[in-house]
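# Observations on the model geometry
Residue strings, one per chain:
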Amino acid sequence: MVHHDRLSDPNAEYTMRDLSRGTLGLGSGGEIRDAEITDVQTTMVDGNYPWILVRVYTDAGVVGTGESYWGGGDTAIIDRMKPFLLGENPLDVDRLYEHLVQKMSGEGSISGKVISAISGVEIALHDAAGKLLEVPVYQLLGGKYRDAVRVYCDCHAGDEAEPAANADEAERVVEELGYDALKFDLDVPSGHGTDRVNRHLRPAEIEHKAEIVAAVTEQVGDRADVAFDCHWSYSAGSARRLARELEAYDVWWLEDPIPPENHDVQRTVTQSTATPIATGENVYRTHGTRRLLTEEAVDIVAPDIPKVGGLREGMKIANLADVFYVPVAMHNVSSPIGTMASAHLGAAIPNALAVEFHSYQLGWWEDLVEESGLIADGRMAVPDEPGLGLTLDLDAVEANLVEGAELFDEA
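Quick look at the structure, then. Because the structure is predicted, anything quoted here is derived from the model rather than measured.

## Things to note about the sheet that holds strand β1 (residues 37-46)
Reading across the sheet, the three strands line up as β1-β2-β3 and stay open at both edges, with antiparallel pairing between neighbours. Single-partner strands in this sheet number two, and they are β1 and β3 (63-68). Across the sheet, the mean angle separating the axes of adjacent strands is 20° when strand polarity is ignored. Sheet topology places strand β2 (residues 50-58) next to β3; six bridges connect them, and they run antiparallel. Bridge pairing links Val56 to Gly64 in β3.

## Points about the pattern of salt bridges
The final tally for this structure, using the stated rule, is 28 salt bridges. Between Asp79 and Lys82 there is a salt bridge, and its shortest N-O distance comes to 3.8 Å. Of the two residues, Asp79 and Lys82 are both situated in helix α2 (residues 74-85); the distance of three residues between them amounts to about one turn of the helix. One salt bridge in this structure joins Asp264 and Arg291, with 2.5 Å as the shortest N-O distance. With a gap of 27 residues between them, Asp264 in helix α9 (residues 263-271) and Arg291 in helix α10 (residues 285-294) connect regions that are remote in the sequence. Accessibility expressed as a relative area gives 27% for Arg291, which makes it partly exposed.

## Quick word on helix α7 (residues 203-220)
A turn of α-helix holds 3.6 residues, and therefore any two residues three or four places apart point the same way. In a regular helix each residue adds 1.5 Å, so 18 residues correspond to 26 Å; α7 covers 26 Å between its end C-alpha atoms and thus fits that length. Those residues of α7 lying buried are Glu205, Ile206, His208, Lys209, Ala210, Ile212, Val213, Ala214, Val216, Thr217 and Val220. Looking at the packing, one finds that the buried side of α7 touches α6 (163-175), β5 (181-185), β6 (225-229) and α8 (236-245). Residue Gly221 follows α7 closely and has a positive phi angle near 55°.

Rules used in this analysis
Residues numbered from 1 in each chain as written. Predicted model: local features only at pLDDT ≥ 70, side-chain atom pairs only at ≥ 80, totals over all residues. Heavy atoms only, no water. Pairing = 2+ DSSP bridges. Helix = DSSP H or I, 4+ residues; strand = E, 2+ residues; numbered from the N terminus. Axes fitted to C-alpha atoms, helices over the stretch in contact; angles between N-to-C directions. Salt bridge = Lys/Arg side-chain N within 4 Å of Asp/Glu carboxyl O. Buried < 20%, exposed > 50% of the residue type's maximum accessible area, 1.4 Å probe, protein only. Expected span 1.5 Å × (residues − 1). Contact = heavy atoms within 4.5 Å.

This is the structure in structure tokens:
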């Protein structure tokens, strides 16, 4: 087995921008404010996504818990970064974030899995810092605008290609589960496609997607807002035609109709239609979002906090979006840890629209933490307890580990 935390650090041989505590000569900040990081551990839970949980341990007996975006790679990257964190002050959240970005710059810290891994550590640092200072995370972010954050439910019908099935599920989620904000997938088989590769939508395919939108929006009426996700599936021309077709319906937003790399095309699509266009989960850090906002290429920004940079980077994105009067709807497919982190950010920014919830069909999602009733009537109350306000149930975590994963140490 490779010990990633024992790899050499070639950057240390020549970099002039080392932001470590020792290099900067940072001294003691008092008893509590001079805590040190003693360990960083990860584990992976087999939920409806393979959730990566991160823990930062301190010599003050306080442990912070965070979450990186799901999937492979992050655990090895976090193990690789551990030496850069040991002995550091967990309260220096922003400096440590920049320290890790700098240290990992040669390994791709402008985007992708490196930033996702750093995001998980950054969220854990916020949790630890809040516990050390005995304040909730939203207070570390500047205070709150709201006590509870609106949650939109990512819905999945039994037959997602059938308009009536989607309408029935929308009705159930609104009436039985109490949500007033929903999202459905539009990149579902229509039976009219001739090529799965070229991103082109034939007229019959667009008509089929419009039928889904019509069925859902007409079913819920003014009882709920409804967004629709395309998962980066279509060509520029098809996206424009689809968005224009949906202008006749009450669409909250159309999400990711084209691939995320080309901001010029994103701008063209967004400015071609009155249908609100959302994107952001696959653009990293404030730098990735900048052109989308400055060139008015997006109507709603949708960053995924455990993926695109963490809480402070999420706040920077939200602040920039607010300059352009653009709301923020946080993409989220996380366990309760990442979801609550997004809720704390949603409480602390003025332009928060909603936070996604993607596990409504997973019966044990909430079992991962000791707290209950996290989402009620389509809202997530933001705790006033220190840190994120959640306590992992390690028995539940252990019972749902991905095969081969090891449970991390108790707090």
